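As a plain string of letters, each chain reads:
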Amino acid sequence: MLTISELVELGFLRSHAQLLLQDNNFVLQIKNKNKAEFGAKINEICRVYGVSKEQATKAIFSSPQFAGLDHSRVLRGIIDVYGVSKEQATKAIFSSPQ
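So, how was this worked out
- Residues numbered from 1 in each chain as written.
- Predicted model: local features only at pLDDT ≥ 70, side-chain atom pairs only at ≥ 80, totals over all residues.
- Heavy atoms only, no water.
- Salt bridge = Lys/Arg side-chain N within 4 Å of Asp/Glu carboxyl O.
- Helix = DSSP H or I, 4+ residues; strand = E, 2+ residues; numbered from the N terminus.
- Buried < 20%, exposed > 50% of the residue type's maximum accessible area, 1.4 Å probe, protein only.
- Phe/Tyr/Trp six-rings, centres within 6.5 Å; stacked < 30°, edge-to-face > 60°.

1. So, the pattern of salt bridges
At step 1: This model, assessed by the stated rule, comprises two salt bridges.
At step 2: Here Glu9 and Lys35 are joined by a salt bridge, their closest N and O atoms 2.2 Å apart. With Glu9 in helix H1 (residues 4–9) and Lys35 in helix H4 (residues 35–49), this pair connects stretches of sequence that are 26 residues apart.
At step 3: Between Glu44 and Lys41 there is a salt bridge, and its shortest N-O distance comes to 3.5 Å. Of the two residues, Glu44 and Lys41 are both situated in helix H4; the distance of three residues between them amounts to about one turn of the helix.
At step 4: Residue class for Lys41 comes out buried when judged on its relative accessible area of 15%.

2. As for the environment of Glu54
At step 1: You can see Glu54 is positioned in helix H5 (residues 53–62).
At step 2: Residue Glu54 is classed as exposed on the basis of its relative accessible area, which comes to 57%.
At step 3: On a C-alpha basis, the gap between Glu54 and Asp70 in space is 19 Å, while along the polypeptide they are 16 residues apart.

3. Section: the packing of aromatic side chains
At step 1: Considering all chains together, one arrives at five aromatic pairs under this definition.
At step 2: Measuring from ring centre to ring centre gives 6.3 Å for Phe12 and Phe38, while their planes differ by 20°; the resulting arrangement is stacked. Within this pair, whereas Phe12 is found in the loop between H1 and helix H2 (14–20), its partner Phe38 is found in helix H4, the two being separated by 26 residues in sequence. Grouping residues by exposure puts Phe12 and Phe38 together as buried.
At step 3: With 6.2 Å between their ring centres and 25° between their planes, Tyr49 and Phe66 make a pair best called stacked. Taken together, the residues Tyr49 in helix H4 and Phe66 in the loop between H5 and helix H6 (71–82) connect sequence positions 17 residues apart.
At step 4: On the accessibility criterion, Tyr49 (4% relative accessible area) is buried.
At step 5: Put simply, the rings of Phe12, Phe26 and Phe38 pair up and form one aromatic cluster.

Right under this line is the structure:
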């Protein structure tokens, strides 16, 4: 399981890392992941949405279940259902990650 110091190394604030590790949803999603695997998940979020690491970690902190989503599918679904651009979908997702 990830530690506070590993989450800090991945870009979270120490206070946010402490709170995340107390969140049941987050713990259930990452309990079998190591630092490299969770780092890869953050990088995937950055790649799919074209956002910075800071934006990705903020979204995960705001809504811990966000970390466990299939982000390519989420983005594709929003674009298909609402007929919006990738940029519009990304803005909507990061305005309200839950």
